[in-house]
Amino acid sequence: MVLRVLLFLWIAVAMVVALLKAPLVPMLEETTRVLYFHIPAAWLTVVALGWSMVNSIVYLVKRDLRADDHAAAAAELGLLFCVGATVSGALWAKAMWGSYWNWDPRETSIFFILLLYTAYLALRGSIEDEEKRARLSAIYSVAAFVAVPFLIFVVPRMYETLHPDPIINPRGKVDMDPMIRWCFLAMLVGFTGLYVWLQSLRVRVSRLERAAQAA
Amino acid sequence: MDRNFVVLGVSLLVWGLLFVWVLRVEKRVRELEKR
């Protein structure tokens, strides 16, 4: 319980400092605030989908359904964070570019990731047999994640984009006010803690579901 | 009213509600695990 309260306070304090004390980025102005939610959500999309792939490989090697539970939970949460990154990005785009959706390379990439992992959940939902579902989902998850780094890190750099530079910009530097950087890192750590908590909870729910089906 | 406070208020409210909801889900999961 102490860890949970600490997590609550950590994110709450980071929000207060980020929204009241940290300066605005000159180019982004008022929309700077989106940074503290959008980038952690995008970061956790990659982390969660990567964790799903790792557990899918573990399942294929060991045929342990606990790994499948982790893989499914991570894919669900990855998709959830991906929706968060997409919505916060669309709100930012409306303020900066004048419309919610412009088919910018980054928007197109995140749209494909949403499609890929919605299909993963549809695949899981369409197979009744537990072993078969775990095996096919694991193969799909590994294949799908191969596309994720390409879509997130390669495609947006291949084409002209209006999207601001990523945190580590093309010059290999982090050009960020130190106060903004600390707030941003605090939010990143807080969001990661929230993800770990949600992941463990979702896995416990999966185990309860399996126990209920077996009973 | 300063817009920063409005954004902060909404953010804290959403975070607080999410936190309480997850705590309640976890409590329910713990009860089911004990059965």
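Everything quoted here is computed from the prediction, not taken from an experiment.

About the criteria used
- Note that residues are indexed from 1 along each chain, following the sequence as it is written.
- Key to labels: chains lettered from A, ligands numbered from 1, both in the order written.
- Totals for whole chains, interfaces and linings use every residue, but because this is a predicted model, local features are given only for residues with pLDDT of at least 70 and side-chain atom pairs only at 80 or more, for both listing and counting.
- In this text, helices come from DSSP runs of H or I with a minimum length of four residues, and strands from runs of E with a minimum of two, each type numbered from the N-terminal end.
- Put simply, the radius of gyration uses C-alpha atoms, and a globule should come to 2.2 Å times the residue count raised to 0.38.
- We call two residues in contact if the C-beta atoms placed from their backbones are at most 7 Å apart.
- To sort residues by exposure, count the other C-beta atoms lying within 10 Å of each residue's C-beta; 20 or more gives buried, 12 or fewer gives exposed, and values between give partly exposed, all with C-beta atoms placed from the backbone.
- Each helix should span, by expectation, one fewer than its residue count multiplied by 1.5 Å.

*Asks:* Account for the overall build of chain A, with residues named and values stated.
*Replies:* Helices and strands together make up the secondary structure of chain A, namely 6 helices and 0 strands. Put simply, chain A runs from its N terminus to its C terminus through helices and strands in the order α-α-α-α-α-α. For 215 residues, the compact-globule estimate of 2.2 N^0.38 gives 17 Å, and the C-alpha radius of gyration of chain A, at 19 Å, lies within 12% of that figure. By principal-axis analysis of the C-alpha atoms, chain A measures approximately 60 × 45 × 30 Å. Pairs at least 24 residues apart make up 77% of the contacts formed inside chain A by residues separated by at least 6 positions.

*Asks:* If you had to explain the environment of alanine 93 of chain A to someone new, which residues and values would you point to?
*Replies:* Residues and elements named next belong to chain A. Take alanine 93: it is sitting in helix α3 (residues 65–97). On the basis of neighbour counts, which here come to 21 C-beta atoms within 10 Å, the residue alanine 93 falls in the buried class. Each C-alpha atom of the pair alanine 93 and glutamate 107 lies 9.9 Å from the other, and the pair is 14 residues apart in sequence. Residue contacts for alanine 93: discarding those within four places in its chain leaves Ser99, Tyr100, Trp101 and Asn102.

*Asks:* Which residues make up unusual backbone geometry, and what values do they have?
*Replies:* All names here are of chain A. Phi is positive for arginine 63, which is not a glycine, with a value near 55°. Take arginine 63: it is sitting in the loop between α2 (35–62) and α3. We note that tryptophan 103 has phi near 55°; this positive angle belongs to a residue other than glycine. In this structure tryptophan 103 comes out as exposed when scored by C-beta crowding, with 8 C-beta atoms within 10 Å.

*Asks:* Quick one: what's the story with helix α1 (residues 3–34) of chain B, residue by residue and with numbers?
*Replies:* In a regular helix each residue adds 1.5 Å, so 32 residues correspond to 46 Å; α1 of chain B covers 47 Å between its end C-alpha atoms and thus fits that length. α1 of chain B sits mainly on the outside: 0 of its 32 residues count as buried.

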